[in-house]
Structure formats: structure tokens, C-alpha cells
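# What the coordinates show
Each chain, written out:
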Amino acid sequence: MRKDIILAGVGGQGILTIATIIAQSALKAGFNVRQPEIHGMSQRGGAVEAHLRLSSEPIFSDLIAHGTADLIIALEPMEALRHLDSLAADGVVIANKKPITNIADYPPVEDIIAEINAIPGSKVIDADGIAASLGNARSMNIVLLGAATPFLGIDSQILKETIVGLFQRKGQDVVDANIKAFEAVAK
Amino acid sequence: MKKILLGDEAFAQGALDAGLSGCYAYPGTPSTEIMEYIQGSALAKERGVHREWSSNEKTAMEEALGVSYAGKRAIVCMKHVGLNVAGDGFVNAAVTGTNGGLIVAVADDPSMHSSQNEQDSRAYAQFAMIPCLEPSSQQEAYDMAAFAFDLSEKHQTPVMMRLTTRLSHSRANIETKDVPAPQNERREPENPRRFILLPAIAKNNVKKLCEKQADFVKLSENSNFNKLVWGNDTSLGIVATGIAYNYVMEAFGGDCPHPVLKISQYPVPKAQLAKLMGACDKIMVVEEGAPFVESQLRTPLEDARILGRLTGALPRTGELNPYIVAKAFKLDVPEPRPIPELVKNRPPRLCDGCPHINTYQALTEALKGYDSAKVFGDIGCYTLGALPPFNAISSCVDMGASITMAKGASDAGIHPAVAVIGDSTFTHSGMTGILDAVWENSKITVMILDNGTTGMTGGQTSIGAGFLERICQGLGVDPDHIKSIVPLPKNHEENVKTIKAELDYPGLSVIVSKRECIQTLKKKK
Ligand SMILES: Cc1ncc(C[n+]2csc(CCOP(=O)(O)OP(=O)(O)O)c2C)c(N)n1
Ligand code: SF4
């Protein structure tokens with residue numbers, strides 16, 4: 001098994017949380033993991049990215065080579081397109097629908113969505129809307145993680161256990177809300 | 001134990017497990033997580049490992065050397081440009097030598113994700129004539145800590161640990177020791193007078209340091225971190241250092257037809273290099289950072305057959321990645337898809353509600369009408385004042401340079417000359433500039449932006465925050481020209497007035513603009 005995943009979004013959206021969940025789950029499932037991320041100026045609304053490599057074989061490079069990623073998970077639609085140069089010919093994109101328009105020249109959202117939909121197998125999901133309808137708008141990232149789960153090659157039960165472990169210290173309510181968010185799209 | 005750790009964290013855990021007594025550091029991307037990990041470690045707490053931030057890299061370096069003098073193990077951590085600040089202590093620590101193990105961990109930032117330049121710290125290690133380790137994986141970063149301490153103690157030398165962004169900030173699963181090694185007891189240095197660098201003693205020390213060089217080369221040649229893996233196609237030999245080795249292996253799918261020499265310990269292993277160069281027609285040198293090894297191989301006789309960053313085989317600047325490296329070997333790789341033109345840049349910006357926004361608004365308005373005014377900036381979140389809509393600063397060079405450049409510009413006739421500097425940057429390197437300006441009563445206006453934290457690097461302690469007025473008074477600034485403002489929209493008019501009055505004063509003034517960073521405020525809630 002080998003999966004190369006690009007995670008993209010805007011600072012503060014919770015990219016690193018889903019990266020952590022996938023990485024820890026992969027470790028539990030017995031895979032090797034590499035996860036380079038861009039730290040630093042991320043709190044100020046700039047673009048954020050993490051690469052995530054999972055493999056049953058040893059992994060050499062931390063970074064994913066251009067044109068070889070299996071999956072892009074994007075918490076923001078334009079950020080999905082920013083990393084298309086990484087995506088393999090048969091790779092897919094799972095993107096959140098809601099744009100973050102904190103720049104003056106943000107392009108028309110319909111054009112962005114059309115570009116994503118043109119990639120076979122890709123999905124644009126209203127993760128913010130789904131999270132809000134579940135009464136926990138902050139779990140948008142977990143909704144999207146749930147939507148991406150069929151592409152990860154990791155048993156969703158393991159992912160669920162990791163989510164429980166991660167949110168446990170914040171109380172049972174937070175755990176339940178996140179599990180609900182995780183299962184929202186699958187159901 | 002199995003753990004998922006960042007490269008920075010793996011090194012920190014390795015140091016803790018090897019009996020660390022003190023971590024000393026000033027924050028700087030991508031090195032910050034070393035100290036942060038130790039601050040969060042239960043083992044560090046239980047053992048009373050020193051883990052407070054220092055004022056700057058030089059004080060951190062010397063404090064760590066003090067721990068080493070006492071016979072205990074210390075690490076000092078910084079980003080690459082921090083080593084310029086620590087340079088004096090660093091180079092001279094090589095001359096005194098160490099007692100307890102001393103590791104200087106420096107994280108380089110090729111491609112300058114968050115830095116002013118992409119200097120390569122391996123050159124500093126060579127300059128100071130000390131061994132340097134460059135891990136290619138998080139596991140090596142972990143293992144090298146114990147190895148470096150032993151090396152440092154056995155050979156009485158500081159050891160550099162050179163990290164780079166993509167290792168520092170990449171997580172991987174690693175295997176750690178179950179039982180940490182004990183910390184050192186205090187012990188007197190052997191031949192303690194070597195720490196007194198009077199010329200008579202220093203001469204002897206420098207001679208000894210030179211004599212150690214042959215040993216250091218031997219150590220590299222026998223090191224498990226360096227390895228020569230043979231391949232049958234000797235039309236090309238490959239030298240790959242640190243994480244560049246991973247990119248080479250990735251490019252060849254783990255099975256390289258050419259001989260490959262992986263270098264992760266310096267000085268360069270001469271015997272292996274000689275063997276490789278003797279057997280191969282051409283040599284490709286792949287390294288993350290400057291053409292450091294490449295330049296050493298590129299003697300006049302060898303020049304024509306060495307390929308690398310200096311021949312255009314690889315880009316002259318910037319980080320490598322598996323694609324660039326595969327291309328350099330002319331391997332058949334998938335071509336990247338084009339990025340649609342509609343994708344726009346999303347540059348970092350000041351957070352909504354950031355105090356710096358209001359400070360810049362007031363300063364910009366106060367400066368209206370002074371056509372020849374120049375504002376000298378410094379390094380921190382407030383450097384983003386260089387971008388629209390503020391376009392408020394004319395320079396950003398190195399920490400502390402706002403005050404001293406403003407003074408020099410004022411000496412040369414620029415008026416008003418304004419310096420804008422953050423609280424942490426001020427205590428890092430701004431105070432001595434103030435002293436120069438006090439001595440000459442320079443006609444400059446210094447604005448210290450006290451947001452209570454080291455914001456840029458993620459909100460670490462800022463040592464002087466909250467009592468900067470007292471520091472300035474102590475440095476001799478006229479108390480009548482030390483002003484405080486609170487950067488809030490409702491105070492705008494008043495703040496503009498205060499700034500204007502000081503711009504018109506023909507001498508040194510300091511205005512402290514004080515309001516907490518929104519991000520640290522949020523974290524407290
Ligand atoms: C010599 C050196 N050390 C460290 C850094 C990394 N660095 C950049 S800005 C900064 C601190 C900024 O803090 P402050 O001056 O308080 O401004 P703020 O970001 O809080 O506005 C640091 C540590 C650097 N660029 N150069
Ligand atoms: S992190 Fe703090 S200082 Fe930096 S831009 Fe945000 S609010 Fe301002």
C-alpha cells in the first residue's frame with residue numbers, strides 16, 4: 001500500500017489536525033509515515049500545505065514528487081487548484097466548497113469549482129454547510145476528512161479511534177460532535 | 001518506543017534521551033520546535049532540564065557553553081541567520097573546546113520560506129573547524145544527538161547539527177529508546193585554563209584545534225552516517241548530502257545503478273570521495289543548500305567532470321525536491337499538470353485586529369507632510385507593513401537594524417528618520433543601537449511595538465515585554481521623550497498627535513505602542 005496525499009487550505013482552517021489524524025491512524029495500521037508541513041507565517045490567513053506519505057515500504061523523500069499525488073484534500077477550493085502540479089494523472093481532488101476571499105483578486109468561485117469537477121472522480125463538498133447543520137461549524141475539517149476516507153486506504157474504524165483519542169480531553173460532547181461530522185458524508 | 005515526530009522534535013527527544021541538562025535558544029523558523037518540544041516534555045520537567053528562551057542567539061550560545069564548562073550536556077538551537085548573531089561565541093567555543101557535550105543545532109531555510117537569506121551553516125562549521133552532522137531522516141536526527149554528545153565529549157569540541165526546513169518540519173515515525181541515559185554530574189574541565197583565551201593560551205588551543213582536523217576526517221570516514229553504496233554504471237557517480245540523498249533514492253526508486261556516496265557527517269570523508277572519483281567518469285553533487293561539497297571537489301583539475309548547482313545541472317538556489325532531482329538525472333518522470341491561471345497568490349497578512357495595523361495607521365498619518373521621511377523596519381509580524389495597504393517601511397535587513405540604520409540615515413541628513421521594531425527584536429538586538437543614539441542624541445524616533453510576545457514565530461515569551469520604557473530609561477533615553485500609546489482605533493487622533501510631537505523633537509525619542517497580539521490573547525481564553 002502506498003498513498004501520497006496533499007493537504008491544502010488557509011491558515012487556521014485545521015489542516016494540521018486532519019494531517020495528524022491520518023498520520024496517527026496510518027501508524028496504527030502499520031504503515032510508515034512522512035508528513036512535511038509549512039509552518040511559520042500560517043496564522044495570518046496565508047496558504048498552508050502539508051504533504052502526507054503513507055506506505056507499507058520504506059519512504060525516501062519527505063516531499064511528494066510533482067505529478068504523483070493520489071489525492072488532494074483541500075479545505076478551500078482555490079487552494080486545491082494551487083497544488084494541481086502535484087496530482088497524478090489518475091489522482092482525485094476532494095475539496096470544500098466555501099471560498100475564503102481574503103484577497104482582492106479572488107477569482108469567480110464557479111470557475112474554480114468547474115476546474116475541480118473537470119478532474120475525473122473529484123468531489124466538491126459543502127463541508128461548512130454540513131458541519132453547521134450538525135450544530136458544530138468548527139468540525140468542517142472533520143467532515144471533509146470523512147469524505148476523503150474512501151481514498152485513504154486506512155480502515156475508517158481506525159480513523160474513528162484516532163479522532164476519539166485526539167478529542168477525548170475536550171470532553172465527550174466534542175468527541176461525539178466530531179464523530180458525527182466524520183460520518184456525515186459517508187452516510 | 002514508536003513515535004511520530006517532527007525532525008526538530010526527534011532531535012530534541014534524542015538529546016533528552018542522551019542526558020541533556022540544558023536547552024538554550026532564541027526562536028526562529030524552522031528551529032523553534034526544538035525548544036518548544038523540550039518545554040512540553042515531561043522528562044525535561046522531571047529532570048529540571050533548562051528550557052527558557054534566551055534574549056538572542058549569542059546569549060544562548062554562551063549560556064550553553066557555560067553548561068558545557070560545568071561538565072553537563074547542552075544544546076543551543078537557532079535558525080541559520082541566528083548563527084551570525086552567535087558567531088563570536090560559536091567560533092571561539094571551538095577554540096576553547098568543550099567539557100560536557102555541546103551541540104549547536106542550526107536549522108537552515110533554503111528557499112527562504114521565512115528568512116532573509118539562504119546561507120548554509122555547514123560553511124560555518126568548516127570555518128570554525130568543528131564536525132558537522134546533517135541528518136537525512138528524523139530517525140537520524142534522533143540517533144545523532146547521542147552520537148554528537150559522545151563525540152563532543154571525547155574530542156572536546158562543539159558539534160554542529162545542521163537541519164534543513166524539510167526535515168525540521170516533517171513528521172515521521174521513529175524508534176526511540178525506552179530508558180533515557182542519566183544526566184552528567186558536574187565535573188571540572190580537564191586543563192581548565194584552555195577556557196581563558198589570552199593570546200598565549202589561544203595560540204596553543206588553535207594549534208590543537210588544527211591537529212584535531214585529521215581525526216575529524218577519520219571519524220567521518222568511519223561514520224555509520226556516511227555510506228558508499230556501489231553501483232555498476234560508473235559513467236556517473238553521485239554525492240548526495242543530508243536529505244538530498246532521499247531525493248536521489250526516490251528518483252531511482254530505491255535502486256540506483258550508479259555508485260552513491262551519502263554524506264551526513266563532515267568534514268567530508270576523503271577516502272570514500274577518492275574511491276568514488278577514481279572509479280567514475282563524471283560526478284553529480286546533490287545537496288540541499290549551497291554548493292558546499294561541490295565547491296570542495298571542484299579543483300582546477302577536476303572542474304570539468306563535476307556537475308551540480310554550479311553547472312546548472314541543478315538550480316543554483318532554492319530547495320531541491322524529488323522532481324528537480326529526477327530531472328537532473330534525465331529520468332523519465334510524470335510531467336506536472338499546469339496550475340490554472342485563475343489561481344491567485346494568497347500572501348500572509350496581519351491578522352484582523354492586530355495591534356500593528358493601528359500603529360501603522362497612526363504612523364502613516366503622522367508622517368503626512370514630511371516628504372523626506374524614511375521609516376526603517378525590522379523583523380517580525382510588523383514587517384508585513386511593507387505590503388499594501390500600508391507600504392509603510394523602507395527596509396528590513398537583520399534583527400535590530402531598524403534603529404541603527406535610522407541613526408546612520410539621520411547622521412547622513414535624512415529627517416525624520418523613524419525606526420519600527422518589535423518588543424522581542426528590541427531586546428534581541430535593539431538595545432545597543434539605542435545606546436549609540438543616546439550617546440550622540442541622534443535625531444531619530446524609535447517606535448517599539450510591544451505586543452507582549454514573539455509573534456512572528458508563533459507566540460513565544462518575549463523577555464522585555466511590559467517594561468520597555470524602564471529599559472529605555474536605564475539606557476539613558478530622556479524620560480520626557482519616552483512615550484506610550486495604545487494602538488486602538490479610538491485612540492487614533494491622540495496617537496497621531498503624540499507621534500507628530502516626537503517627530504518634531506530634534507533628538508532621540510522612543511514611543512512604545514502597547515497592545516497584546518490577538519493570537520496570544522485568543523490562546524489564553
Ligand atoms: C537573528 C534572527 N533570529 C531569529 C529570527 C526569526 N524571527 C523573525 S522575527 C522574530 C521575532 C519577532 O518578534 P517581535 O519583534 O516581538 O515582533 P512580532 O512578530 O511579535 O510583531 C524572530 C524570532 C530572525 N529572523 N533573525
Ligand atoms: S500573530 Fe499577533 S502580532 Fe502577528 S499579525 Fe497576528 S495579531 Fe499581529
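This text follows the structure it describes.
What comes next concerns the included structure. (Residues numbered from 1 in each chain as written. Chains lettered and ligands numbered in written order. Predicted model: local features only at pLDDT ≥ 70, side-chain atom pairs only at ≥ 80, totals over all residues. Heavy atoms only, no water.)

Bringing the overall build of chain A into the picture now. Scanning chain A from terminus to terminus reveals seven helices and six strands. When the elements of chain A are put in sequence order from the N terminus, they spell out β-α-β-β-β-α-β-α-β-α-α-α-α. Taking 16 Å as the expected radius of gyration for a compact globule of 187 residues, we find that chain A reaches 16 Å, a close match to that expectation. Its C-alpha atoms give chain A principal-axis dimensions of roughly 40 × 40 × 35 Å. Classification of the 187 residues of chain A by burial places 58% in the buried group. Sequence-distant contacts, at least 24 apart, represent 62% of the contacts inside chain A between residues at least 6 apart. (Helix = DSSP H or I, 4+ residues; strand = E, 2+ residues; numbered from the N terminus. Rg over C-alpha atoms; globule rule 2.2 N^0.38 Å. Buried < 20%, exposed > 50% of the residue type's maximum accessible area, 1.4 Å probe, protein only. Contact = heavy atoms within 4.5 Å.)

So, on to the site of ligand 2. Of all residues adjacent to ligand 2, which total eleven residues, the nearest are C351(B), C354(B), C381(B), N451(B) and C517(B). Residues of the shell around ligand 2, tallied by class, amount to six nonpolar, four polar and one charged. (Near = heavy atom within 4 Å. Nonpolar A, V, L, I, M, F, W, Y, C, P; charged D, E, K, R; others polar.)

Our next topic: the sheet that holds strand β2 (residues 32-36) of chain A. If you walk across this open sheet you meet the eight strands as β6(A)-β5(A)-β4(A)-β1(A)-β3(A)-β2(A)-β7(B)-β1(B), and the pairing is mixed. Both edges of this open sheet fall to β6 (123-125) of chain A together with β1 (2-6) of chain B, since each of them pairs with a single strand only. The average angle at which neighbouring strand axes cross in this sheet is 20 degrees, direction not considered. With five bridges joining them, strand β4 (residues 69-74) of chain A and strand β5 (residues 87-96) of chain A adopt parallel strand pairing. The residue bridging L71(A) from the neighbouring strand is V92(A), located in β5(A). Running at roughly 60 degrees to strand β7 (residues 170-175) of chain B, helix α7 (residues 138-155) of chain B makes contact with β2 of chain A together with β1 and β7 of chain B of the sheet. (Pairing = 2+ DSSP bridges. Axes fitted to C-alpha atoms, helices over the stretch in contact; angles between N-to-C directions.)

All names here are of chain A. Following both chains from N to C, one finds helix α1 (residues 15-28) and helix α5 (residues 140-148) inclined at 40 degrees, their axes separated by 9 Å at the closest point. Taken together, the axis directions place α1 and α5 in an arrangement best described as oblique. Here α1 and α5 pass one another in a crossing that is right-handed. In this structure, α1 uses T17, I18, I21 and I22 to contact α5, whose residues at the interface are N141, I142 and L145. Residues of the contact of α1 with α5, tallied by class, amount to five nonpolar, two polar and no charged. (Parallel < 35°, antiparallel > 145°, perpendicular 65-115°, else oblique. Left-handed = near helix turned anticlockwise from the far one by under 90°.)

What follows is about the site of ligand 1. All names here are of chain B. In the region of ligand 1, 26 residues are neighbours, and E57, H356, D423, T425 and G455 sit closest. C381 places a polar main-chain atom, nitrogen or oxygen, 2.9 Å from an oxygen atom of ligand 1. S424 places a polar main-chain atom, nitrogen or oxygen, 3.0 Å from an oxygen atom of ligand 1. Relative to its unbound accessible surface of 590 Å², ligand 1 loses 97% to contact with the protein. Those elements giving two or more residues to the shell around ligand 1 turn out to be α5 (80-96) and α16 (423-440). The leading source of residues in the shell around ligand 1 is α16, at four residues. Here the residues of the shell around ligand 1 are counted per class, giving nine nonpolar, 14 polar and three charged. (Polar contact = N/O pair within 3.5 Å; in protein donor to acceptor, adjacent residues only side chain to side chain. Areas by Shrake-Rupley, 256 points an atom, 1.4 Å probe, with all protein chains shown as cover.)

Attention shifts here to the pairing of strand β18 (residues 509-514) of chain B. Residues and elements named next belong to chain B. Extensive coverage of β18 is indicated by the burial of five of its six residues. When strand β17 (residues 482-485) meets β18, the two strands line up parallel, connected through four bridges. Across the sheet, residue I485 finds its bridge partner in β18, namely S513. Remark: the β17/helix α18 (residues 492-504)/β18 crossover connection has right-handed handedness. (Right-handed = clockwise from strand over helix to strand, strands pointing away.)

Attention now moves to the pattern of salt bridges. All names here are of chain B. Evaluation of the coordinates by the stated rule reveals 32 salt bridges over all chains. Linking R73 and D150 is a salt bridge whose minimum nitrogen-to-oxygen distance equals 2.8 Å. Of this pair, R73 sits in the loop between α4 (57-69) and β3 (74-79) while D150 sits in helix α7, placing them 77 residues apart in sequence. The class of R73 is buried, set by a relative accessible area of 8%. Where D303 meets R298, a salt bridge forms, and the shortest distance between an N and an O atom there is 3.1 Å. We classify D303 as partly exposed; its relative accessible area is 35%. One continuous salt-bridge network, built from bridges that share partners, spans D108, D120, R122, E134, R162 and E287. (Salt bridge = Lys/Arg side-chain N within 4 Å of Asp/Glu carboxyl O.)

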